Amino acid sequence: MTAKTTAPIIVPDPDDPRLTERVVGVDQTGARTEIKVPVERPLTLYLNAQEIVTMMTINDYPEYLALGYLLNQNMLKYDDVVTEVEYDDDLEVVVVRTAHHTNFEAKLKKRTQTSGCAQGTAFGDLLEAVEKVALPKAELRTSWLYQMTHTINTMPSLYLEAGAIHGCVLCKESTPVCYTEDVGRHNAVDKIAGWIYRHNVDPSDKILYTTGRLTSEMVIKTVRMGIPILVSRSGFTAWGVDLARQVGLTLVGRARGKRFIALSGQERIVYDQNLDYVEEESMRHKRKGETDND
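In this text the structure is predicted, and so the values were computed from the model without any measurement.

> How should the sheet that holds strand E10 (residues 166-172) be read in this particular structure?
Sheets are built from strands paired through backbone hydrogen bonds, the pairs being either parallel or antiparallel. Pairing is mixed across the open sheet formed by 6 strands, whose spatial order is E11-E10-E12-E13-E14-E15. If you trace the sheet from one side to the other, it starts and ends with strand E11 (175-182) and strand E15 (259-264), each paired once. Each strand axis lies, on average, 20 degrees off the axis of its neighbour in the sheet, ignoring direction. Bridge analysis of strand E14 (residues 250-256) against E15 gives 4 bridges, and the strand direction is antiparallel. When the bridges of E15 are listed, arginine 256 appears paired with arginine 259.

Laid out in structure tokens, this is it:
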């Protein structure tokens, strides 16, 4: 584990000129139009001298992404000593160096493409690692849930600026402390894992929120980080629900306005919010393609 440092609060910066570019096209009437679109770039990750993967990412936090990817793929343990994380913007390469020798040649040959967008992958021993995790006791107050989702939906973000992006947010009660975005939700959550590791943040009292589906990949990554509660504005997959129930993860989906559905870990929920005082979600914050049955 890295030395204890003060964890910076991370929020989206939609005005960062590196993250979007303007593109000209025509609309449904044939009129000229100009919009902002996210910029995705390749980032090649090395662990010591071994090339691990090339990711497509908006590349705003390459160091956190690299660390989080290795942690969530079980190539790096939370008690491992990282001696250096070196990023070269020109070469689009990030190198993570550890105090111990590493060799994952055999593991790299055994991987499964996940249901995550932008070609997420998971390696064969992840399920075994997840089964050994004991998630901490925690609670999810509905007052925190409603305030948290309202805050996230009304914050400036790359999604609201340019679309075509996923977001993941680590919260302490109702307050976001690390809000990351990327073209793939697996990248966004890996950045949070890297942030937790780099700053030695305690995950036991945190809530992870995602804009994407509650798939097996998202459940595995959340459990790997030791976070007991996972919330999404989107829906579930059957395997994601099964895994969450096996490990005791609180899984809450379709969290929009006054509504939510919990399919696992309901015992952590404390119903302390009067629904008469909860507003329905503004149409402006609905994601494209959402339906009541997603």
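> Is there a simple way to think about the packing of helix H6 (residues 185-198) against helix H7 (residues 216-225) in this case?
Two quantities define a packed helix pair, namely the angle between the helix axes and the distance between the axes. Between H6 and H7, the shortest axis-to-axis distance is 11 Å and the interhelical angle comes to 0 degrees. Relative to H7, H6 is oriented roughly parallel. Within the contact between the two elements, H6 uses Arg185, His186, Val189, Asp190, Ile192, Ala193 and Ile196 and H7 uses Glu217, Met218, Lys221 and Met225. When its residues are assigned to classes, the contact of H6 with H7 shows 6 nonpolar, 1 polar and 4 charged.

> Honestly, the sheet that holds strand E4 (residues 50-57) in this entry has me stumped. Any pointers?
An order of E4-E3-E6-E5 is seen for the 4 strands of this open sheet, with the pairing classed as mixed. Here the strands that pair on one side only, and so sit at the sheet edges, are E4 and strand E5 (82-88). When strand polarity is set aside, the average angle formed by the axes of neighbouring strands in this sheet is 15 degrees. Relative to E4, strand E3 (residues 41-47) runs antiparallel, the two sharing 7 bridges. Each bridged residue has a counterpart across the sheet, and for proline 42 the counterpart in E4 is methionine 56. On the sheet, H6 packs against E4 and E5 and is oriented at approximately 125 degrees with respect to E4.

The rules behind the values
- Here the residue numbers are simple positions, counted from 1 along each chain's written sequence.
- Whole-chain, interface and lining totals are the exception, using all residues; otherwise, since this is a predicted model, local features are given only for residues with pLDDT of at least 70 and side-chain atom pairs are given and counted only at 80 or more.
- Hydrogens and water are ignored here; the side-chain numbers use all heavy atoms of the structure.
- By definition, two strands form a pair when at least two bridges between them are found by DSSP.
- Here a helix means four or more residues in a row that DSSP labels H or I, a strand means two or more in a row labelled E, and each is numbered from the N terminus.
- Axis lines are fitted to C-alpha atoms, over the contacting stretch for helices. Their N-to-C directions set the angle, which ranges from 0 to 180 degrees.
- Small angles under 35 degrees read as roughly parallel and large ones over 145 as roughly antiparallel, with 65 to 115 read as roughly perpendicular and the rest as oblique.
- Contacts are residue-level and defined by heavy atoms, with any inter-residue pair within 4.5 Å sufficient.
- Three classes are used, and their members are as follows: Ala, Val, Leu, Ile, Met, Phe, Trp, Tyr, Cys and Pro are nonpolar, Asp, Glu, Lys and Arg are charged, and the others, Gly among them, are polar.

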